[in-house]
Amino acid sequence: MNITLAQAEKAIEAAKQKAVAIDTKMNIAIVDGGANLVAFVRMDDAWLGSLDISIKKAKTARFFDMNTGIVGSLSQPGGSLYNIEHSNNGLITFPGGIPIKNAQGEIIGAIGVSGSSVENDHTVAEAGASTL
């Protein structure tokens, strides 16, 4: 199963609404089950440097089917995934990437958000991921 464009747009809209509610500007990326970009939005005046980060967060979440913050905790020195961020043409291992599941609990894609603190990035990503 893959996320549809309509579902991806719904997730982006929910994430944008949350970003506005917490007064931040975000880059928001949605990838499908194969980690291919399906939809992307850069809110007005969102950091340019966060564009690529948002896409890599979404891909990282889908590659490993877990929140990027969890990947980050496992990739610290001594962790089971130490140095994994250097694989797959670069991963992002801090919060803001979350797998997206359908109503049956199957992973159909992922969302990646970047443009603020990692706490805000994660909050906005959660808003988008929880819409389906």
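Small disclaimer: the values here were computed from a predicted structure and weren't measured.

Cut-off values and rules
- Residues numbered from 1 in each chain as written.
- Predicted model: local features only at pLDDT ≥ 70, side-chain atom pairs only at ≥ 80, totals over all residues.
- Heavy atoms only, no water.
- Pairing = 2+ DSSP bridges.
- Helix = DSSP H or I, 4+ residues; strand = E, 2+ residues; numbered from the N terminus.
- Axes fitted to C-alpha atoms, helices over the stretch in contact; angles between N-to-C directions.
- Contact = heavy atoms within 4.5 Å.
- Salt bridge = Lys/Arg side-chain N within 4 Å of Asp/Glu carboxyl O.
- Buried < 20%, exposed > 50% of the residue type's maximum accessible area, 1.4 Å probe, protein only.

**Comments concerning the sheet that holds strand β3 (residues 97-101)**
Strand pairing in a sheet takes place through backbone hydrogen bonds and is either antiparallel or parallel in direction.
Argument step 1. Spatially, four strands are ordered β2-β1-β4-β3 in an open sheet, and the strand pairing comes out antiparallel. Two strands in the sheet have a free side with no partner beyond their single neighbour: β2 (37-42) and β3. The sheet shows a mean angle of 15° between the axes of neighbouring strands, direction not considered.
Argument step 2. Strands β1 (27-32), β2 and β4 (107-114) of the sheet are contacted by helix α1 (residues 5-21), whose axis makes an angle of about 25° with β2.
Argument step 3. Helix α4 (residues 118-129) contacts β3 and β4 of the sheet and is inclined by roughly 150° relative to β4.

**Here's the deal with the pattern of salt bridges**
Argument step 1. Taken as a whole and judged by the stated rule, the model has four salt bridges.
Argument step 2. A salt bridge links Lys 56 to Asp 52; its shortest N-O distance comes to 3.5 Å. With Lys 56 and Asp 52 both in helix α2 (residues 49-64) and four residues apart, the pair spans about one turn of that helix.
Argument step 3. Classification of Lys 56 as partly exposed rests on a relative accessible area of 24%.
Argument step 4. On the basis of relative accessible area, Asp 52 is assigned to the partly exposed category, the value being 40%.

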